[in-house]
Amino acid sequence: LRKAKASPQSGDAEGAARANVAYANAEFDADLEPILPAGAESADALYSKVQRYRARMVPTDIWPAEIREFSAAWDRWKSDEAYLDFTDLIATALRDVDSPPGNPHHVYVDEGQDHSPMELSLLCKWGRACAGLVVVHDPDQAIYAWRGADPLFFGRAAAAGHAIPEEHKKVLSQSYRCPRAVHELVERCLKNIPGREPVVWRPRDAAGVVATLGGDVRSPGAIVQCAIDASADGSVLIEASCGYMLD
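Residues numbered from 1 in each chain as written. Predicted model: local features only at pLDDT ≥ 70, side-chain atom pairs only at ≥ 80, totals over all residues. Heavy atoms only, no water.

A. Seen up close, unusual backbone geometry. You will see that Met57, though not glycine, has its phi angle at about 60 degrees, which is positive. For Met57, a relative accessible area of 14% translates into the label buried. Look at Asn103: it is not a glycine, yet its phi comes out positive at around 50 degrees. Secondary-structure assignment places Asn103 in the loop between α5 (86–96) and β2 (106–109). With relative accessibility at 58%, the residue Asn103 sits in the exposed group. (Buried < 20%, exposed > 50% of the residue type's maximum accessible area, 1.4 Å probe, protein only. Helix = DSSP H or I, 4+ residues; strand = E, 2+ residues; numbered from the N terminus.)

B. Region of the structure containing the pattern of salt bridges. Taken as a whole, this structure holds 14 salt bridges when the rule is applied. Across the pair Glu197 and Lys169 runs a salt bridge whose closest N-O atoms are separated by 3.6 Å. In this pair, Glu197 sits in the loop between α8 (180–190) and α9 (221–230) while Lys169 sits in the loop between α7 (153–159) and α8, placing the two residues 28 residues apart along the sequence. A residue is classified by how much of its surface remains accessible, and Glu197, at 44% relative accessible area, is partly exposed. What makes Lys169 partly exposed here is its relative accessible area of 24%. Where Arg180 meets Asp205, a salt bridge forms, and the shortest distance between an N and an O atom there is 3.0 Å. One end of the pair, Arg180, is in helix α8; the other, Asp205, is in the loop between α8 and α9, and 25 residues separate them in sequence. Look at Asp205 and you get exposed, because its relative accessible area is 75%. (Salt bridge = Lys/Arg side-chain N within 4 Å of Asp/Glu carboxyl O.)

C. Here's a closer look at the packing of aromatic side chains. Tallied over the entire structure, the rule returns six aromatic pairs. Both rings, one in Tyr47 and one in Trp74, keep their centres 5.1 Å apart while their planes meet at 75 degrees; by these two values the pair is edge-to-face. Of the two residues, Tyr47 sits in helix α3 (residues 42–55) while Trp74 sits in helix α4 (residues 65–81), which places them 27 residues apart along the sequence. Residue class for Tyr47 comes out partly exposed when judged on its relative accessible area of 31%. Relative to Phe154, the ring of Phe153 lies with its centre 5.4 Å away and its plane at 80 degrees, an arrangement referred to as edge-to-face. Take Phe153: its relative accessible area is 5%, and that puts it in the buried class. Clustering of aromatic rings is evident, with ring pairs tying together Tyr47, Trp74, Trp77 and Tyr83. (Phe/Tyr/Trp six-rings, centres within 6.5 Å; stacked < 30°, edge-to-face > 60°.)

Right, here's the structure in full:
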């Protein structure tokens, strides 16, 4: 849990972005391409990159030339048609709206790792207008980097001199979901994430099993059989990254 008084100022996000120019230019392009639809028009790719640069508050003077040109054309079209896109709404609120709607006493934010630096900067600004801001944040569960989320936002802010004091952090260290076998595998994977802040957490009190099956969404036989076998001992939860995989 992270509280507002120790959260980065909105301007700090831009400073952190400038300090990570190589990250912004190399990683944005590298991890965007695999998620674009096959045969996507170049305008779609440029639009996605513009929104990600904006969401991560990367200063426009370090954008590639083609991205700046597309952004200018996009802005002209929006102006002519009197439209705002989603990022415009966040940017306008960050610039013009000093307190959150309804003037709440506290602001609570879930899934902080899936917010972009621009969104987090807005929340930090609003948190300063309230008694406090609490962000529930697990960078190890980030899934929205493709739209500009930065799970290492707070780490970058700390590197720029704006660390959250330790007394304003609370780690929920007991997992009630992962057994020991899953915990061991996850820990091995997490150690490969560059820039990750280590966190001590404990598995639930069960051995668990990690197994590799030969099936996939097109040939799910082995997965289905495993579920049937396991169901003899109780209910079975099947998770998938996309809902269509369960149809």
